[in-house]
Each structure stands twice: as C-alpha cells, then as structure tokens.
Amino acid sequence: MSILIKPIITEKANLLSEKKGVYCFRVQTDANKIQIKKAIEEAYGVNVESVNTAIMPAKRVVKYTKAGMIQGRKPKFKKAYVKVRSGEVINIYENI
C-alpha cells in the first residue's frame, strides 16, 4: 500500500508551495519521515530537504437535519509538510 494518500490542496497549502517551496500531503498514520521522503522522491522525482509531520486529531461532527440531530466522527489523519530544494517544483495538478 502506498504511503502517500493524496496531496492537500487548500489556500494555506498553495501559499506555502508558492512562497516557501513546502508541499502538504496526507499520509498514512504509521509512516515515518524517512519513508515519506523516499515516497515523495520516487513519485515526483524531486530532492527533498526536510519533512515535518503533524497528526490531526479526530473531530466530532454534528449535523442538524429535518429528521433530527445526527452525530458522527471524522477520523484522525497525518499530514506531512515536505520542503523541496530551491528551484524544484512538484506539479500536483498533473495527475488530476
């Protein structure tokens, strides 16, 4: 199974990629920084300088509908902030 799940495309992630060369990916929760670095280098053909990870906690979700209140949970997930060498670019929109 692949370590990289999907790239995160938000306003904050786009700003980081344009200004600092840092790209944000959703990864498996049991993956470490070395595995993430190797997976990015193989998938996109770039040189990775550093990898920072963050585990986002699970959240409670409440929806109010005609039928009443529906409660649920969003699962926890792990984000990886990957910094590539200056001058190199990851084209995230290429596979869409």
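So, here is what we can say about the structure in this document. It should be emphasised that the depicted structure is a prediction, and the values quoted were computed from it without experimental measurement.

1. A closer look at the pairing of strand S6 (residues 77–84)
Then, number 1: In terms of residue burial, S6 counts as a mostly covered element, since six of its eight residues are buried.
Then, number 2: Both strand S2 (residues 22–27) and S6 contribute to a ladder of six bridges, which runs antiparallel. When the sheet's bridge partners are listed, Tyr23 is paired in S6 with Val82.
Then, number 3: Relative to S6, strand S3 (residues 48–56) runs antiparallel, the two being bridged by eight bridges.

2. Remarks on the packing of aromatic side chains
Then, number 1: Tallying each qualifying case throughout the model produces one aromatic pair.
Then, number 2: Where Phe25 meets Tyr44, the ring centres are 5.7 Å apart and the plane angle is 40 degrees; that geometry is what we call tilted. Linking Phe25 in strand S2 with Tyr44 in helix H2 (residues 33–44), this pair joins segments that are 19 residues apart in sequence.
Then, number 3: Phe25 gets classed as buried once you look at its relative accessible area, which sits at 1%.
Then, number 4: Here the guanidinium or amino end of Arg26 rests over the ring plane of Phe77, the centre of that ring lying 4.2 Å away.

3. Observations concerning the side chain of Lys79
Then, number 1: Structurally, Lys79 is set in strand S6.
Then, number 2: At 3.1 Å, the side chain of Lys79 forms a polar contact with the side chain of Tyr81.
Then, number 3: When residues no more than four places from it in sequence are discounted, the contact partners of Lys79 are Ile8, Cys24, Phe25, Asn52, Thr53, Ala54 and Met56.

4. Some details on helix H1 (residues 11–20)
An α-helix turns once every 3.6 residues. As a result, residues three or four positions apart point the same way.
Then, number 1: Three or more residues of H1 are buried, namely Ala13, Leu16 and Ser17. Projected down its long axis, H1 carries its buried residues within an arc of 95 degrees, all on one side. Across H1 from its buried face, at more than 90 degrees, point the exposed residues Glu11, Lys12, Glu18 and Lys19.
Then, number 2: Where H1 is buried, its residues meet S2 and S6.
Then, number 3: The first or second residue beyond H1 is Gly21, which carries a positive phi of 75 degrees.

5. Some thoughts on H2
Then, number 1: Between the first and last C-alpha of H2 there are 16 Å, a value that for 12 residues agrees with the 16 Å anticipated at 1.5 Å per step.
Then, number 2: Those residues of H2 that sit buried are Ile36, Ala39 and Ile40. With its buried residues spanning 100 degrees around the axis, H2 presents them on a single face. Looking at H2, the residues exposed on the side facing more than 90 degrees away from the buried face are Ile34, Lys38 and Glu42.
Then, number 3: Tucked into the core, H2 has its buried residues touching strand S1 (4–7), S2, S3 and S6.
Then, number 4: Its side-chain oxygen placed 3.3 Å from the backbone nitrogen of Ile34, Asn32 serves as the N-cap of H2.
Then, number 5: Just past H2, the residue Gly45 takes up positive phi, approximately 65 degrees.

Procedures and definitions
Residues numbered from 1 in each chain as written. Predicted model: local features only at pLDDT ≥ 70, side-chain atom pairs only at ≥ 80, totals over all residues. Heavy atoms only, no water. Buried < 20%, exposed > 50% of the residue type's maximum accessible area, 1.4 Å probe, protein only. Helix = DSSP H or I, 4+ residues; strand = E, 2+ residues; numbered from the N terminus. Pairing = 2+ DSSP bridges. Phe/Tyr/Trp six-rings, centres within 6.5 Å; stacked < 30°, edge-to-face > 60°. Lys NZ or Arg CZ within 6 Å of the ring centre and 35° of its normal. Polar contact = N/O pair within 3.5 Å; in protein donor to acceptor, adjacent residues only side chain to side chain. Contact = heavy atoms within 4.5 Å. Arc of directions from axis to C-beta. Expected span 1.5 Å × (residues − 1).

Coordinates in, geometry out; function isn't part of it.
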